[in-house]
Amino acid sequence: MKYFWRCCLWLLSLGFVGAVVAVCGFIYVLHYYSQDLPAYDQLRNYEPPIVTRLYAGDGRLLAEFAEEKRVFVPIEFIPDRVKNAFIAAEDQNFYRHNGVDMKAVARAIVKNVKNIGTGRRPEGASTITQQVAKNFFFSNEVSYVRKIKEAILAYRMSNTLGRDHILELYLNQIYLGGGAHGVAAAALYYFDKSLEELNIAEVAYLAALPKAPNNYHPVKNHDEALARRNWVISRMAIEGYITDAQAEMAQAIPLEMKHDSSEEVDAPYFAEEVRRELSERYGEDILYQGGLAVKTSVDPKLQDIAERSLRKGLMEYDKRHGYRGALTTFETLSDWRKNLADVPAPEGMLREWSLAAVLEVSAGSAKIGFVEHDQGEVKLATSKWAREYKNDGYALGPAIKSLDQVLKVGDIIIVEPVKAEGNANDNAEAKQEYEIQQVPIVQGALMALNPHTGRVLAMQGGWNYRYGHSEFNRATQAQRQPGSSFKPFVYLAALEAGFTPATLVLDAPFVLEDDVAGTWKPKNYSKEFYGPTTLRVGIEKSRNLMTVRLADYIGMEKIAQYSDRFGITDNMPPLLANSLGSAETTLLRMTAAYGMLVNGGKRLNPTFVDRIQDRYGNTIFKHDDRACSRCGDKIKWEDQGVPVIEDNRESIADERAVYQIVSIMQGVIDRGTGARLRYLNRPLAGKTGTTNDSRDAWFMGFTPDLVVGVYVGFDRPRSLGRRESGSSAAVPIFGAFMEEALDGVPVSPFRRPSGIRNVRINAETGVRARPGDKKVIWESFIVGNEPTDEMYILGEDGISLMPSYGFDEYNYDQYYMPSAGGLESLPPELVQQPPTSATTGTGGLY
């Protein structure tokens, strides 16, 4: 018995010593691994990287920019249903332990001991607090050292930060697949819903993801994801967060990923332009991590019209210049479906187009086949445009009379379904008929803005952005010559110098010799000379010789000042060739400059952004910074004064002269180079532009409240073709846009300022209309500058009365500049001074 008690005492002593050693060892481990633990105080003021979101003018999502796609939601705004689902799945005792769940740890130890030798991954017992510690401060390394440090840090955090704050960190930081960080971003990605809109089944699915989000994708791993979701639902019922009946109903709901991209605005050129602006303004870190909310100016309806109108116009131009042939040709049709699947889609190919193999060809039709679709048919009637492309589009092959002139068996072509006439939707028969297509090699851009606010409403910077064709924005980045679309600013300078729309300018040969550049002889587009012609007709018919002679008299220094003042150029060289639009600029600048003509000569700063807010909702930028008196905070009428918003825009031109230019450009539509737009039957004005050798084609046009600019040209400048011009290439795009954009929209007449008087004049001579005159128009004059019954000639020695032999017998060989406005209509300095000699640049533009 004595030995028994000694043995018990010895064992007790040994146990005590062991306990002391264990305690000391535990303390040592805690002390040792507590060294150099990361400081977690930063989590008190948690500001995670969150997504910057761009919104269209109607509030719909335009684009997102982020390194981590996250939408931060404070804990008080996260629904209990969401919190309960994650607690039930990840940490049932979250609100009861101190950062480490010892029961779960013991359970994991036992299970891991049993799994020794099985090769299974050790099972953890991480609480939500431990996961927060790992997500913020540790890697995903599987080791006991990391788990010990993680547990120590979790204990400290639990006693310092508070449970709700830790849960807020967890639910906003955790990665849930699909690039989504945090529950709010995941709800949008998987279900296109806010957290408040999620049902039990949906929150359960989100709570199923933390363990392995890539293993539970609702489409790729549907069965595993469904099982995991239903397990979470059962856990919610066990923990008492939902009833058994609710759990049963939730488990019966199919697991489907719902993301409606139709609610998003597709304007990649616009979004990229805003992204560049934000990057320059705030830097990359704020752009991709700062969580900015950016309200842009884009109008989704107009943007969609712009994209379709530009593409349609580029396709029409491209087809006028012939078919460049099949993408490739199979030598044999054996196993053609497999081979067709290996043919890469060409860059720029649209989503609604398909690749097809030509299986049979006859004179009137061709049978084609697809990788996955049923076989279809191409008919001769829709293929007559496909004449052979020759000499870079300068020449065409013979007219198409048989389809075998275009296609042969084995050709791989691009086709598009032909829609049935009279029905917006394809019927079964029409789906089998296709039309040959090709990706245009020509490029272009379209921009629309509000001339009163500068808000850019639509911008399409090329044929195609999203599908890898080109991210280069030809509306804002391409420096091109505007050609004759620059002329209105030359004539505006003349009007402000005292000329009138009825002033006669000689359209006759003009020669300028320069010791460096040699002899420069500009010509009209028609290669003809038209003699004394009014300023109005000079714009309407886009006369180069009149413009050069006018600019030479006024002085290119003044023309350059107007160009810089309207933002077309910066420091334009005073070269005479620049009066014809040889100085390069962008479509954005030209569109804004025309906006300043529409709004009466007021300074206009184009903008893609209306307002920017930081992550806290504070407005840090607003485009419209005008003061508003009497706006106040009242939301209902209480006999307060009408709000008054000041107009603080700088006036950069006489509004009366600007109105005269607008009136003249209305004539471009009525009877000039833009006459094909008369079918729109709306108040319209504008100007075509075509550069030397037809390298660039422009049309700048507007209504009283909308300015639209169109540019067409090759990225590597070359001629568009001998018969191509702004009228043929750009005007149809403008017309297609305006026809749809103005449908159902009332358009008021152009606003006429005070100080303008309309007078009936002879359209040819510019003098007051007389009985019997055949060509009579109403012309706009500044009060006090109306025409008389006499015509004057402004020659090299000043102004003199038109010779008595009259207008029809005038000697066109004399290089004079006549005026029909009367001697008093021109400033005295113009009467005294002969035409100036301006320096010329290279090349003349039409």
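Residues numbered from 1 in each chain as written. Predicted model: local features only at pLDDT ≥ 70, side-chain atom pairs only at ≥ 80, totals over all residues. Heavy atoms only, no water.

Peer 1: So what exactly am I meant to see when it comes to unusual backbone geometry here?
Peer 2: Leave glycine aside and you will find that most residues have negative phi; peptide bonds, for their part, are mostly trans. The phi dihedral of Lys-527 is positive, around 65 degrees, even though this residue is not glycine. Relative to the helices and strands, Lys-527 is located in the loop between strand E18 (518-520) and strand E19 (531-534). A relative accessible area of 47% means that Lys-527 is categorised as partly exposed. In this structure, Asn-681 is a non-glycine residue whose phi angle is positive, near 55 degrees. With respect to the helices and strands, the residue Asn-681 is situated in the loop between helix H20 (655-671) and strand E24 (685-690). You can call Asn-681 exposed: its relative accessible area is 68%. (Helix = DSSP H or I, 4+ residues; strand = E, 2+ residues; numbered from the N terminus. Buried < 20%, exposed > 50% of the residue type's maximum accessible area, 1.4 Å probe, protein only.)

Peer 1: Mind showing me how you'd approach the packing of aromatic side chains here?
Peer 2: To describe a pair of aromatic rings, one takes the distance between the centres and the angle between the planes. Counted under the stated rule, the structure contains 21 aromatic pairs. Seen in terms of ring centroids, Tyr-317 and Phe-714 are 6.3 Å apart; in terms of plane orientation they differ by 70 degrees. Their pairing is edge-to-face. Remark: Phe-714 occurs in the loop between strand E26 (706-713) and helix H21 (726-741) and Tyr-317 occurs in helix H13 (residues 300-320); sequence separation between them is 397 residues. Neither residue differs from the other here; Tyr-317 and Phe-714 are each classed as buried. Taken together through their ring pairs, the aromatic side chains of Phe-486, Phe-489, Phe-566, Tyr-594, Phe-702 and Phe-750 make up a single cluster. Positioned above the aromatic ring of Phe-621, the side-chain terminus of Arg-281 is 4.2 Å from the ring centre. It is Arg-543 that lies over the ring of Tyr-530; its NZ or CZ is 3.7 Å from the centre. (Phe/Tyr/Trp six-rings, centres within 6.5 Å; stacked < 30°, edge-to-face > 60°. Lys NZ or Arg CZ within 6 Å of the ring centre and 35° of its normal.)

Peer 1: Can you walk me through the pairing of strand E2 (residues 61-65) in this structure?
Peer 2: The side chains of a regular strand alternate between the sheet's two faces. For E2, the tally of buried residues reaches four of five residues, placing the bulk of the element in the interior. Pairing analysis gives four bridges linking strand E1 (residues 52-55) to E2, with the strands arranged antiparallel. Bridged to Arg-53 within E2 is Glu-64. (Pairing = 2+ DSSP bridges.)

Peer 1: Explanation requested: the sheet that holds strand E20 (residues 609-613) in the structure shown.
Peer 2: Pairing between the strands of a sheet is mediated by backbone hydrogen bonds and can be parallel or antiparallel. With mixed pairing, the five strands of this open sheet are ordered in space as E2-E1-E5-E20-E21. This sheet does not close on itself; its edge strands, each paired only once, are E2 and strand E21 (619-622). In this sheet, neighbouring strand axes are inclined to one another by 15 degrees on average, regardless of whether the strands run parallel or antiparallel. For E20 and E21, the ladder comprises three bridges, and the chain directions are antiparallel. (Axes fitted to C-alpha atoms, helices over the stretch in contact; angles between N-to-C directions.)

Peer 1: What am I meant to see in helix H19 (residues 587-598) here?
Peer 2: Side chains that are three or four residues apart share a direction in an α-helix, a result of its 3.6 residues per turn. Compared with an ideal rise of 1.5 Å per residue, which puts 12 residues at 16 Å, H19 spans 17 Å between its outermost C-alpha atoms and is within 8% of the ideal. Taken across its 12 residues, H19 has 11 buried, putting it largely inside the fold. All of the buried residues along H19 are Leu-587, Leu-588, Met-590, Thr-591, Ala-592, Ala-593, Tyr-594, Gly-595, Met-596, Leu-597 and Val-598. On its buried face, H19 sits against strand E14 (443-449), helix H15 (487-496), H20, E24, strand E25 (696-703) and E26. Two residues or fewer after H19 comes Gly-600, characterised by a positive phi angle close to 90 degrees. (Expected span 1.5 Å × (residues − 1). Contact = heavy atoms within 4.5 Å.)

Peer 1: Before we go on, may I ask you to explain the sheet that holds E24 in this structure?
Peer 2: Here we have five strands laid out as an open sheet, ordered E15-E14-E26-E25-E24, and antiparallel in their pairing. Each edge of the sheet is formed by a strand with only one pairing partner; in this case those strands are strand E15 (456-460) and E24. Across the sheet, the mean angle separating the axes of adjacent strands is 5 degrees when strand polarity is ignored. Alignment of E24 against E25, held across six bridges, turns out to be antiparallel. Residue Thr-690 lies in a different strand from E25, and its bridge partner there is Ala-697.

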